[in-house]
Structure formats: structure tokens, C-alpha cells
Amino acid sequence: MSAPVPALPPPAFLPGLARLDLTRVELVIGDQRPLAPPVKSARSLSRCLQLRPAARGEASLAGGTLAIAVAPGDEDWALALCAAFAAPDAPAAADPASLALLALARRVGASPASVLIEGATGTGKEGLARLVHQGSARQAGPFVAVNCAALPEAMVEATLFGHERGAFTGAHAAAPGLIRSAHGGTLFLDEVAELPLAAQAKLLRTLQEREVLPVGATRPLAVDVRIVAAGNRDLAAEVAAGRFRADLYWRLAVFPLTTLPLARRPADILPIAAHWLLRRAEAGGLVPWLDAGARAALLAHAWPGNVRELGNVLDRALVLCDGPVIRADHLLLAPAAASGADPSLPGLVRAAEADVIARTLASSASRRDAARRLGISERTLRYKLASRRADASAAMVQ
């Protein structure tokens, strides 16, 4: 049996590395000196993280190896990439408030209590619900996510609680419903405030009696499911307004959790961006690299659209950048717009046009494809993008 490889101190060019959990990767620094993981031998690990100092920062992904060249001033982005690579399935978080919320969610997961997650759109409510599920005794069971706002109003009860054959026109066969589909696991009800009052009454009985009554059935069926509900509206205010049942609210809110807007947890921005861009580089090759100006712009933005907006901005930048380096002008973020847009009609028209162009670019294969979909020439599109960048640059220096 070979002697264990002695652990080495973190490299001087990346001192913050000591704070990361790298037990799931083989770490190679500079001249191939490995840091021995405490549990598994380095040879048993299929993923490798290679770090070296350099004059210019860059990263490349090939198979299971991420190689990062760390330049002075790029340490924060290098650490974010390291953390995302070492734990690709873990929530992307570094802000103390987020870490405390995740720890609480894991603790709640171990209990059978119903959970209510409240927070603005795009703040990671479903991800938090999955964490609760993964930390529970039901983790081997199904996790069924339902957007209550997307359910057809006439089919809410049949979709959730199931139905018998012939229960209504078009019901040619019986269906178990989403609640029974989550038997032995967790049912995540997003936008639960959108449920009609009749469906709320049936859901309350399911929580109380652990049974469902399919549409058209005469006998209830036992079901073993944990309910995690979420909403972007204040459910207590909905109860006061008579739009949500008070008894159901108290059944759901056994343990309430609240997600925070991205602007209130700025230390999460770079970790989330690192996870996002690493996924975009899974096919191999150079990993998109945020330069110092881009990182500063991301940290300064107000993020009214939270994580969803951040993802859109990064996807847009991937279309606009000509190489692996993403600069601030590729993000199309104007600080002035975050604090207050031009209220005049021409200003509103420009803002609407910029939004349409940005969304089309993010979902198009190329600028030529985007121009075709927008019904303009590629030259016109280049002119509009250049104008937008000029406006953003002017806003940055004001």
C-alpha cells in the first residue's frame, strides 16, 4: 500500500482556495504537485482541477479536466470557477445569507413538516425545494414540480387529484393525477396562490387526511406525499384579501422559508455566473472568461429579474463576444437603466427595442439568424448593437 500524498498549502497566487471543498476533484497546482484529498486517493477521482499562475487569465475544459490560468486581479473569478467545477450539482452560493438559508433548508429536509417558500420570481424557489427533498428521507422518491399558474382552470382538479374514466368529456382513461404521481416523494406546488378556492379545499383535505379523491370517484385513495409550496406573492396578504384559505395557509406554512433577491446577496453573483458559463462549456474548449470590467458591471447591477435575468444577460454576452473573454460592453447593462429609465416616449421605444433585440439574440444561433428573425438586415442589427453599446458606455461614465 502506497504512502499517502502529503497535502500542500494553497498556492500563493490563489490563497482563497483553502476555503473551498475540493474533496471530489484531483487538484494539480503548477508543476503537477497534487493536493491529496482527505477521503479518496487522487487516482480514484475522475475529475481534475489544474491551476497555474499566468499573466493573462483563461480557462479550458477538456473531458473531466478544468485548467485555469490565474492572473493577478482575477482571483475572484478563478475561485468561482473552481467552486462550480468541484460541486457542479450543489447550489451556487457564497453570500452568508444564502449559506444560512441553504443550511436551514437542509435541516428542514430531515423533518416531515410541510414547507412554504416565498420570494420574488427568479430567486431560486424550486432549487430550494429540491434541496429540501434531497435532504429528506424521501430523496429516493420522485420530485414532482407543478406550476399552478400554468394549469388550465377547468382541469386543475383533474390534473392534481386525478380522474376516473368517463368523469368528464374526453376522459377516455383514468389518470392518477400529479399528487399520486409524487407518492413516496415530494410535490412542489409553485405559484400555489393561483389555485382556485375549490382546489384549495381539496388540497387541504389531502394534507389533513393523507388521501385524494379523484374526479368522478366515490372513494378516496391513500397517498404518501410531502408538500412544498411556493409563491411570489405574500400569502398572508392573500388570506387577508379572501383569495386564499387561512386553514390551508397554516397547513402549508409549518416551516416558512424566504428567498432573497439577487441584489441583496451580491456574493452569489459570480458563483452563479460560473455555474452558468461552465454548463455552456460542457462540450469542451475554452470556458467563457469574465474580465474585471464585466465582473464589476455584474456586481453593480440591480438585478430586478434576479437569477433569470442574470442567465439571460450571460447568454446574450455569449452571442455578442467574439472569443472566450466577456467584456462589460457584451453584457448590454446600463447602470442608468437600473436606477430609472428614460420616461419619455422615445426613451421607452428605445428600451423596448433593445429588450426585443437582446431576447432574440439570446435565442438565436447567430447574428445573421437574429437579424432574419427581427426582419432587418445584419448591417442594421450591427448598427443598433453599436448604438446600444455607446449608450451603455456613456451611462457608465456619467
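Residues numbered from 1 in each chain as written. Predicted model: local features only at pLDDT ≥ 70, side-chain atom pairs only at ≥ 80, totals over all residues. Heavy atoms only, no water.

A. Structural view of the packing of helix α9 (residues 269-280) against helix α11 (residues 306-320). One way to put it is that α9 packs onto α11 with a least axis distance of 10 Å and a crossing angle of 50°. Relative to α11, the element α9 lies oblique. As for how α9 packs across α11, the hand of that crossing is right-handed. Contact with α9, carried on its side by Ile269, Ile272, Ala273, Trp276, Leu277 and Arg280, involves Val307, Leu310, Gly311, Leu314, Asp315 and Leu318 of α11 and no other residues of that element. Partitioned by chemical class, the residues of the contact of α9 with α11 number nine nonpolar, one polar and two charged. (Axes fitted to C-alpha atoms, helices over the stretch in contact; angles between N-to-C directions. Helix = DSSP H or I, 4+ residues; strand = E, 2+ residues; numbered from the N terminus. Parallel < 35°, antiparallel > 145°, perpendicular 65-115°, else oblique. Left-handed = near helix turned anticlockwise from the far one by under 90°. Contact = heavy atoms within 4.5 Å. Nonpolar A, V, L, I, M, F, W, Y, C, P; charged D, E, K, R; others polar.)

B. Region of interest: the environment of Trp77. With respect to the secondary-structure elements, Trp77 resides in helix α1 (residues 75-86). Judged by its relative accessible area of 0%, Trp77 is buried. With residues up to four places along the chain from it excluded, the contact list for Trp77 reads Leu270, Ala273, Ala274, Leu277, Pro288, Trp289, Leu290 and Arg295. (Buried < 20%, exposed > 50% of the residue type's maximum accessible area, 1.4 Å probe, protein only.)

C. Summary view of the pairing of strand β8 (residues 186-190). Of all five residues in β8, five are buried; the element is thus mostly enclosed. Residue alternation in β8 divides its side chains into two sets, Thr186, Phe188 and Asp190 and Leu187 and Leu189, and both sets are buried. Direction of pairing for strand β7 (residues 143-147) relative to β8: parallel, over a ladder of five bridges. When the sheet's bridge partners are listed, Val144 is paired in β8 with Leu187. (Pairing = 2+ DSSP bridges.)

D. Fine view of the sheet that holds β7. Spatially, the five strands line up as an open sheet ordered β7-β8-β11-β6-β12, and their pairing is parallel. What marks the edges here is a single partner per strand, and that holds for β7 and β12 (255-258). When strand polarity is set aside, the average angle formed by the axes of neighbouring strands in this sheet is 20°. The pairing of β8 with strand β11 (residues 226-231) spans four bridges and is classified as parallel. From the neighbouring strand, Phe188 faces β11, where its bridge partner is Val228. Relative to the sheet, helix α2 (residues 96-109) contacts β6 (115-118), β11 and β12, its axis offset from that of β12 by approximately 155°.

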